[in-house]
Amino acid sequence: MRNMAKHPHHQAQTSHSQLLSQIEESDKAQAIFCKLGHGIMVFSSAGDILSISPAILDNLKLEVTPASTHALSNVIPGHFYNDVLWGLALESEDGLFENYRIRIRMPHDNSLSILFNVSGYRHHDMTIHTLWQVVSLDLKTTHTLAEGSILNEARVHNITRNYVPQLIEQKAREVVRLGGNALPNEECWLAILFCDIAGFTSYVENNEKEESVIHTLNLILGRITKAVRQHDGIIDKFMGDCVMALFKEPHKAVLAALEIHKHSYDFNNLRMRAGKDLLLLRIGIHWGKVVIGNVGSADRLDWTTIGDAVNTAARLEKNCGPGAILVSETLYKTITLADHPEIRFSKAFQLELKGKRNKETVRYIQTDNQSLLHDTRIIHAKN
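Residues numbered from 1 in each chain as written. Predicted model: local features only at pLDDT ≥ 70, side-chain atom pairs only at ≥ 80, totals over all residues. Heavy atoms only, no water.

Comments concerning helix α12 (residues 329–337)
Three- or four-residue spacings in an α-helix give side chains the same orientation, since the helix completes a turn every 3.6 residues.
Argument step 1. Within α12 the residues assigned to the buried category are E329, L331, Y332 and I335. Angularly, the buried residues of α12 cover 155 degrees about the axis, an arc narrow enough to put them on a single face.
Argument step 2. In the core, the buried residues of α12 are packed alongside β6 (186–197), α10 (250–273), β9 (281–296), β11 (324–328) and β13 (360–364).
Argument step 3. Of the residues trailing α12, D339 is marked for its positive phi of about 65 degrees. (Buried < 20%, exposed > 50% of the residue type's maximum accessible area, 1.4 Å probe, protein only. Helix = DSSP H or I, 4+ residues; strand = E, 2+ residues; numbered from the N terminus. Arc of directions from axis to C-beta. Contact = heavy atoms within 4.5 Å.)

As structure tokens, this is what we get:
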């Protein structure tokens, strides 16, 4: 191995570089700070300005006098105190926050304003130390990031994130990590699971005044979602009372279906004792090649799963008996080849699926509560 310590170029580099001492680092940071026109404001926990850099007053065309501090406090918008001093600075253990944007009107000319970028932290004595940097004067360069936008974007994200399919969020993170800026189309093999509530339309019509339909639906969908995620699946979409889920491993789709079935059994057992209508689930699962891609227009896109395999899984669910799990022969063979004895199947039989030329070979998944669910299916049919 070459001895780097003796290499002349390496020695030259070492001789021309040095580690900064804390004092030197502080001095250089201060010089950069002044060159960039940064300023500091320290607030009390009540929102009073305790100290301020002359640079901030200079930016606002205020004289560097104590009276100017009062003038500045009058032009700082009230939402700054709510968002930052009594919001961001109190949320984390150390009170750190970054990149809050605030627009302040010039005290002597209300038609002009300055957009500041503010970062800071909460001191141990509960004072709030803030660093202010000018982003732009008036409205000339503010189209990229407006007042409070970091916080506002975070709030918007918190509202909308549960509406964004998990598959899209995961893939978007992967694309960004690799330097991309768009979701690609891709082909892959997946297990597609469809699950819906048998007779839900008539249930809504008959029970709209008796119980909260939305609450009941969300309770069921919540349990389905939990089971899907527990077995490494992803919810592709909700369609009313129907759920479409995706799994990379076919046996995990079946395990999720069994977990959903168990929850459904417990849920309906309670409803039966209470004399309420049963809400049995139908589950269909197929294993096949799909395309995951962008569907729609430039204004409204879905990055979703399409293909014959998706259609087959949807048809299986529609032809499944209430309270049961119906799977394709393709999925059955894939699972049995991988040796999963914990999953038990019924005998194969032929089923005619809408839109298919040939009959599909299918099987039911055998469950521990099969006999009781058979009884509940009879009750459900009579009602």
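Some details on unusual backbone geometry
Argument step 1. Despite not being glycine, N99 shows a phi value in the positive range, around 60 degrees.
Argument step 2. Residue position: N99 is located in strand β3 (residues 97–106).
Argument step 3. One non-glycine residue, D339, lies in positive phi territory at about 65 degrees.
Argument step 4. Looking at where D339 falls in the secondary structure, it is placed in the loop between α12 and β12 (349–351).
Argument step 5. The exposed category is assigned to D339, whose relative accessible area is 56%.

Describing the confidence of the model for the protein
Argument step 1. On average, residues of the protein score 80 in pLDDT, and 81% of them reach the 70 mark or higher.
Argument step 2. Taken element by element, the protein is modelled with least confidence in helix α13 (residues 370–382), mean pLDDT 39, and with most confidence in β11, mean pLDDT 95.
Argument step 3. Counted against residues more than four places away or in other chains, residues 1–15, with its pLDDT under 50, gives five contacts.
Argument step 4. Across residues 371–383, confidence stays below pLDDT 50; counting only partners more than four residues off in sequence or on other chains, it has 19 contacts. (pLDDT = per-residue confidence, 0-100.)

A short note on the pairing of β13
Argument step 1. Where β11 meets β13, three bridges bridge the pair, whose relative direction is antiparallel. Counterpart to V327 in the pairing with β13 is R363.
Argument step 2. Taken together, the three bridges between β12 and β13 define a ladder with antiparallel strand orientation. Bridge pairing links F349 to V362 in β13. (Pairing = 2+ DSSP bridges.)

Some details on a nonpolar patch on the surface
Argument step 1. A contiguous nonpolar surface patch, about 290 Å² in accessible area, is contributed by W86, L90 and M126.
Argument step 2. Take W86: it is sitting in helix α5 (residues 78–91). (Patch = residues over 30% accessible without salt bridge, like charges linked within 9 Å, V, L, I, M, F, W, Y side chains within 5 Å. Areas by Shrake-Rupley, 256 points an atom, 1.4 Å probe, with all protein chains shown as cover. Salt bridge = Lys/Arg side-chain N within 4 Å of Asp/Glu carboxyl O.)

Describing α10
Argument step 1. Between its terminal C-alpha atoms α10 stretches 35 Å, which fits the 34 Å expected from 24 residues at 1.5 Å a residue.
Argument step 2. Where α10 terminates, the next one or two residues include G275, which has phi positive at roughly 75 degrees. (Expected span 1.5 Å × (residues − 1).)

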